[in-house]
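Reading the structure
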Amino acid sequence: MAAMTPTTPTTPTTPTTPTTPATRYPRLREDTREPDTGAPVRTPARRPRPRIWRGAVLALAGAYFLIPLIASFVFTVHVPGRGITFEAYTELLSADGFTESLLLSLGLAAATIALSLLLAVPALVAVRIGSPRLRPVVEVMCMLPLVVPPIALVTGITTVLRWGPDHLSRTPLYQTFIAVQHEKFPVVLVLAYTVLALPFVHRSLDAGLRAIDVPTLVEAARSCGASWPYVVLRVLLPNLRASLAGAAFLTLALVLGEFTIASLLGFQPFAVWIVSISGAQARMSVAVSILSLLITWLLLIALSRAGTTPSTAGAAPATTSRKEP
Amino acid sequence: MSSTTAPRAAAGTRRRRRGPRTWLAALPLLAFTGLCFGLPLGAMAHGAVTRTDPASGATLVTGEHLARSLQGPYLGSLVGSVQLSALTALVGGVLGVVIAQAVVTSRSAGLRSAALTASGVLANFGGVPLAFAFIATVGISGVVTQLADLTDLGWNLYSFTGLTMVYLYFLIPLMVLVIAPALDGLRPQWREAAQSSGATGAQFWRHVGLPVLAPSLLGGFVLLFGTAFAAHATAAALVGGSVPLVTLKIADALSGNVLTGQENVALALGLDMILIAALVMAVYLPLQRRSARWLR
């Protein structure tokens, strides 16, 4: 520790936390100097070991995560006995059901995004400005779907849907039950997906609202004579742009990849379609998988870029516990 | 007159505007979750503990379905799911920590941000596409299987081991994401303080590192367990029915692949799953709160 003291004043101490530069700079300096001088017997033996260990770990991890991707690409373009062909990709557009299922998924995603934002934004803004006592209720309501596996939710949904023909066939409600299960656009899926998306939407919006001072913004706008719709549309939402985009991206990724609920309710959006063709056209199903992965990844990478703007919690994609204070 | 009523009127409008209006804005969300989340769950729980007599239409409360869901092949599937989830969570947790530590201790900012972005992306890579990527890689006619003659070595993707390997693909990145902030929270000063008081590396980990990390580690393990436990799409696209998993059993019962009249057992299985998942969350949430203390 004594060796550190002389270096401390010379380090370019910006007014940050006092301890970090004092410890970090000497460490860096030791690293660069010791291999040259080689003075302490202990350090040269100790230093290289973690590097090898680290390199090996990262190389193994890289191999594990890259090989399936590379291999599946090879699988789609290399046909044994015929060489390299991109047929699996070029025939995709003309494949039976490809466009329909993709459009269905995109439509469901758009409806889910709209519904979940319409529900969550007013509620979260409300608990910020006027009803703090509602906050735990809203939070629990939004987080509960994380506890319930989708497959358990779908058992409940099928039970409820069966009430239609069983008990309500003579009431006007029956038409509602039929309508939400319309094959062209199953509203029931939108409702289920909105439930599944709520935890992610809540987390993203909550982080965004935490980053701005909502009561002050609202007070200021109100005392300048702005109406409530104006406050929400022109003051709050622009400030929440990044987290709204984050919530929308996550929901889109979720809906595009969702399989369980749709397949068990008997609809055929994108993920279900991939499975349905896998038996007859294995190559194409893998090709579509790669493409859908690429799309999802681009979305999520775009999201994490957008999330690097002040504390909108770019870590939102997965269930990280990381939250900026 | 106006001087006495005006302030009260102003206060009145303010209160009226503040209280009820904001409360109303939260109402659609609460009504929606009540209807679209509460109703199915209520129906599931109701169906799991009641039986409708087809002749009279009377509904009786019965523990029969729950009891059946804990017997025979259904119990086997629950146990299989718990085993698979525990194994993958354990392996994924350990490997995730090792990788996160390698990323965090390397002082390259580029590697760090690339690894964390990749983890965020890969942790979301479950489901059908993942299953097909592995089928193309190490399935029966997969590329690596052919290249390395894995079949001769006894490799089978459509098995418990194969499923473990697939699940790890999204569980390890999830663990990296969860644990990296905690590893960051281990300040270098602590290690230096330990070293300058003569502690070895092992002693540092035993007395400082692991106690500080313990809540995050357990929390991560539990989160991985819950994720693996609830996963259905990957397993459905991959193994079909060759590995007993509770999600696959529920799907079978719901889609009528087995004897009719099993729907209520499926509901009971769903209830079992929620109970296990709720237990998992009950462990996870306090742990997460505790670990937040060290992560600032």
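Scroll up to find the structure this text is about.
Description of the structure in this document. (Residues numbered from 1 in each chain as written. Chains lettered and ligands numbered in written order. Predicted model: local features only at pLDDT ≥ 70, side-chain atom pairs only at ≥ 80, totals over all residues. Heavy atoms only, no water.)

1. Digging into the interface of chain A and chain B
- With 83 residues of chain A in contact, the opposing surface of chain B contributes 82 residues.
- Interface area for chain A against chain B, summed over the two sides, is near 7000 Å², with a carbon-plus-sulfur share of 76%.
- There are 0 salt bridges connecting chain A and chain B.
- Across the chain A-chain B interface, the total number found is 6 residue pairs in polar contact (both at pLDDT 80 or more).
- For the side of chain A that touches chain B, the leading source of residues is helix H4 (residues 48-77) of chain A, giving 14 residues.
- Class assignment for the residues of the side of chain A that touches chain B results in 55 nonpolar, 20 polar and 8 charged. (Contact = heavy atoms within 4.5 Å. Buried area = accessible area lost by both parts, 1.4 Å probe. Salt bridge = Lys/Arg side-chain N within 4 Å of Asp/Glu carboxyl O. Polar contact = N/O pair within 3.5 Å; in protein donor to acceptor, adjacent residues only side chain to side chain. Helix = DSSP H or I, 4+ residues; strand = E, 2+ residues; numbered from the N terminus. Nonpolar A, V, L, I, M, F, W, Y, C, P; charged D, E, K, R; others polar.)

2. What about the packing of helix H6 (residues 98-129) of chain A against helix H13 (residues 241-257) of chain A?
All names here are of chain A.
- Relative to each other, H6 and H13 sit at 140°, their axes nearing to 9 Å. Compared by their axis directions, H6 and H13 come out oblique. Relative to H13, the crossing made by H6 is right-handed. Two secondary-structure elements touch here, H6 through Ser105, Leu106, Leu108, Ala109, Thr112, Ile113, Ser116, Leu117 and Val121 and H13 through Leu244, Ala247, Ala248, Thr251, Leu252, Val255 and Leu256.
- Here the residues of the contact of H6 with H13 are counted per class, giving 12 nonpolar, 4 polar and no charged. (Axes fitted to C-alpha atoms, helices over the stretch in contact; angles between N-to-C directions. Parallel < 35°, antiparallel > 145°, perpendicular 65-115°, else oblique. Left-handed = near helix turned anticlockwise from the far one by under 90°.)

3. Comments concerning the pattern of salt bridges
- Taken as a whole and assessed by the stated rule, the structure comprises 3 salt bridges over all chains.
- For B:Asp184, the salt bridge identified is with B:Arg112, shortest N-O distance 2.6 Å. Of the two residues, B:Asp184 is situated in helix H7 (residues 160-185) and B:Arg112 in helix H4 (residues 109-123); the sequence distance between them amounts to 72 residues.
- For B:Asp184, a relative accessible area of 28% gives the class partly exposed.
- For B:Arg112, a relative accessible area of 25% gives the class partly exposed.
- Among the charged side chains, a salt-bridge network with shared partners connects A:Arg128, A:Asp206 and A:Arg210. (Buried < 20%, exposed > 50% of the residue type's maximum accessible area, 1.4 Å probe, protein only.)

Nothing here speaks to function; it is all geometry.
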